[in-house]
Amino acid sequence: MGFLENLFGKKEKEKTAAKVIYSPLKGNVVPLSEVGDPVFSEGMMGPGVGIVPEEGKLYSPVDGEITVAFHTGHAVGLKTSDNMEVLIHIGIDTVKMNGDGFKVHMKEGDKVKAGDLLISFDMEKIIASGYKTTTMVVVSNAEEFGTMSGEASGNVKVGDKLFVIGQGEN
């Protein structure tokens, strides 16, 4: 199966339709290169964008399953039905807050729809603790789906198109 999957799977993935990632936050979009965290800004976690949030509520950017739900509430991973992996990381170095100021509304294995509330967070507490609230939204396995395009800029609200992975819609 592995040989046939390698032989035919790649062509199938090239035909995959473009996937839209929706904004999980209300806020201002910034290029990933400007987020101030080298792990994200240098693209090590995959392509995406940063959002400086205007309110402390994070919603699902896609329909999928929660694959990683950090007990600290600072990050969450999701997988769509076609295996696209989306990682959302709230703030920079906020893992050091050990969950203080974060409330998780889901758990690993939960099925979610785009727009479902995942995490609430206290922006003032994050800032008072000396951290930035910039939230990174990346597709960690984008190479399986194609390039990123159609990035939003400026202000977005929850549910706005944030960017596209793959061929098609721009």
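Report follows, based on the coordinates. Here the structure is a predicted model, which means the values were calculated and not measured. (Residues numbered from 1 in each chain as written. Predicted model: local features only at pLDDT ≥ 70, side-chain atom pairs only at ≥ 80, totals over all residues. Heavy atoms only, no water.)

### Section: the layout of surface pockets
Link 1 in the chain: What the largest pocket holds in volume is close to 240 Å³.
Link 2 in the chain: In terms of lining residues, the largest pocket is bounded by 16 residues, among which V62, D63, G64, T80 and S81 are the most central.
Link 3 in the chain: Only β1 (19-22), β5 (64-69) and β9 (111-112) provide two or more residues apiece to the lining of the largest pocket.
Link 4 in the chain: Counting residues per element, the lining of the largest pocket draws most heavily on β1, which supplies 4 residues. (1 Å grid on protein atoms, 1.4 Å probe; cavity = no way out; pocket = protein on both sides within 12 Å on 5 of 7 lines; lining within 4 Å. Points joined across faces, edges and corners; volume = space filled by probe spheres on them. Helix = DSSP H or I, 4+ residues; strand = E, 2+ residues; numbered from the N terminus.)

### Some words on the sheet that holds strand β2 (residues 27-31)
Link 1 in the chain: If you walk across this open sheet you meet the 8 strands as β9-β5-β6-β7-β11-β3-β2-β13, and the pairing is antiparallel. Each edge of the open sheet carries a strand with a single partner, namely β9 and β13 (154-156).
Link 2 in the chain: Two strands pair when backbone bridges link them, and strand β7 (residues 85-89) and strand β11 (residues 135-139) are joined in this way by 4 bridges, in the antiparallel orientation. Within β11, the position partnered with H89 by the bridge is M136. (Pairing = 2+ DSSP bridges.)

### Focus on the nonpolar core
Link 1 in the chain: Core analysis: the largest hydrophobic core is formed by 34 residues, its most contacted members being V76 and F163.
Link 2 in the chain: Breaking this core down by element, the ones donating at least two residues are β3 (48-53), β5, β6 (75-79), β7, β10 (117-121), α3 (123-128), β11 and β14 (161-165).
Link 3 in the chain: The residues touching F163, leaving out its near neighbours within four places in the chain, are K19, V20, I21, P47, G48, V49, V137, V139, M148, S149, G150 and E151. (Core = buried A, V, L, I, M, F, W, Y, C linked by side-chain atoms within 4.5 Å. Buried < 20%, exposed > 50% of the residue type's maximum accessible area, 1.4 Å probe, protein only. Contact = heavy atoms within 4.5 Å.)

### Considerations on the packing of aromatic side chains
Link 1 in the chain: Following the criterion strictly, the structure yields 1 aromatic pair and no others.
Link 2 in the chain: Pairing F102 with F121 gives two aromatic rings, centres 6.4 Å apart and planes at 25°, and the pair type is stacked. Taken together, the positions of F102 in strand β8 (residues 102-104) and F121 in strand β10 put the pair 19 residues apart, joining distant regions of the chain. Here F102 matches F121 in class, with each residue buried. (Phe/Tyr/Trp six-rings, centres within 6.5 Å; stacked < 30°, edge-to-face > 60°.)

### Let's talk about the sheet that holds β14
The strands that make up a sheet are held in pairs by hydrogen bonds between backbone atoms, and each pair lies either parallel or antiparallel.
Link 1 in the chain: Taken in spatial order, the 3 strands make up an open sheet running β1-β14-β12, and their pairing is antiparallel. Only two strands of the sheet have a single partner each, and these edge strands are β1 and β12 (148-149).
Link 2 in the chain: Relative to β14, β12 runs antiparallel, the two sharing 2 bridges. Its bridge partner lying in β14, S149 is registered against V164.

### Here we look at the pattern of salt bridges
Close approach of charged atoms allows side chains with opposite charge to pair.
Link 1 in the chain: Within this structure, the stated rule accounts for 7 salt bridges.
Link 2 in the chain: Of the charged contacts in the structure, one is a salt bridge between E85 and K79, with a shortest N-O distance of 3.8 Å.
Link 3 in the chain: Of the residues examined, K79 reaches a relative accessible area of 29% and is grouped as partly exposed.
Link 4 in the chain: Residues K157 and D160 are paired through a salt bridge, measuring 3.3 Å at the closest nitrogen-oxygen approach.
Link 5 in the chain: You can call K157 exposed: its relative accessible area is 52%. (Salt bridge = Lys/Arg side-chain N within 4 Å of Asp/Glu carboxyl O.)

### Side note on the pairing of β10
Link 1 in the chain: Most of β10 is tucked away, with 4 of its 5 residues classed as buried.
Link 2 in the chain: As paired strands, β8 and β10 are joined by 3 bridges and run antiparallel to one another. Across the sheet, the residue bridging to F102 is F121, located in β10.

### Considering unusual backbone geometry
Link 1 in the chain: In this model, D93 sits at a positive phi of 65°, which is unusual for a non-glycine residue.
Link 2 in the chain: For D93, the position within the fold is in the loop between β7 and β8.
Link 3 in the chain: Judged by its relative accessible area of 36%, D93 falls in the partly exposed class.
Link 4 in the chain: Look at N98: it is not a glycine, yet its phi comes out positive at around 55°.
Link 5 in the chain: With respect to the helices and strands, the residue N98 is situated in the loop between β7 and β8.
Link 6 in the chain: With relative accessibility at 61%, the residue N98 sits in the exposed group.

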